[in-house]
Amino acid sequence: MDHLSFEATAGSGPGGRSAALDDIDRAILRELEADGRMSMRALAERVSISRSNAYTRVERMIAEGVIAGFTARIDPVRAGLGTSAYVLLNIEQHSWREVAARLRDVPYIEHVAFVGGDVDLVMLVRTPDNVTLRDVVLARIHAVPGVRSTRTWLIFDEAAGGSRFQ
């Protein structure tokens, strides 16, 4: 699922059910989260199972949608995206599908989440500089039909969290 897909499939296995994970599955996920390029042999050694068991478990978790893909973690500053902000949106309630579809075409939006509370959407936007951020928010996002207002919170520093699979 890409970062701008608003389907009811997130966290679901086939038929909309959550997959049942045991301690070994969670250990595999922890290892892959730390190094998605690790070989099956190294993965099997790290979680103390056979290589064939590791293959079987990883393939099952891929088929069930637990593992949605493999990607590289990019340092945004070193990649030329030194300005980051959370942009909060209020939208016309009936327009959320159209707004979501239009946001897919706006460059520099890394993540979008529909949320409950005082705002309707929270977006992580990464741009090369403040001028580009201003253009993204004021010219591109505000041009999306259904967007009523935005608030922008500039990010000064970030820290990665720990593993989600303790």
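Residues numbered from 1 in each chain as written. Predicted model: local features only at pLDDT ≥ 70, side-chain atom pairs only at ≥ 80, totals over all residues. Heavy atoms only, no water.

Q: Got a minute to help me understand the overall build of the protein chain in this structure?
A: Helix and strand counts for the protein chain come out as five helices and four strands. Seen in sequence order, the protein chain has helices and strands lined up from the N terminus as α-α-α-β-α-β-β-α-β. Split into buried and exposed, the 166 residues of the protein chain put 33% on the buried side. By sequence separation, contacts in the protein chain at least 24 residues apart represent 67% of the contacts at least 6 residues apart. With an accessible surface of roughly 10600 Å², the protein chain has 50% of that area assigned to carbon and sulfur atoms. (Helix = DSSP H or I, 4+ residues; strand = E, 2+ residues; numbered from the N terminus. Buried < 20%, exposed > 50% of the residue type's maximum accessible area, 1.4 Å probe, protein only. Contact = heavy atoms within 4.5 Å. Areas by Shrake-Rupley, 256 points an atom, 1.4 Å probe, with all protein chains shown as cover.)

Q: What am I meant to see in the pattern of salt bridges here?
A: Where charged atoms from two side chains of opposite charge approach closely, those side chains can pair. Taken as a whole and assessed by the stated rule, the structure comprises 13 salt bridges. Between D23 and R26 there is a salt bridge, with the nearest N and O atoms lying 2.8 Å from each other. Linking D23 with R26, this pair stays in helix 1 (residues 23-34), spanning three residues, or about one helical turn. The exposure class of D23 is exposed, given its relative accessible area of 59%. Judged by its relative accessible area of 24%, R26 falls in the partly exposed class. A salt bridge links R126 to E110; the shortest N-O distance between them is 2.6 Å. Of this pair, R126 sits in strand 3 (residues 121-127) while E110 sits in strand 2 (residues 109-114); the two residues are 16 residues apart in sequence, bridging distant segments of the chain. (Salt bridge = Lys/Arg side-chain N within 4 Å of Asp/Glu carboxyl O.)

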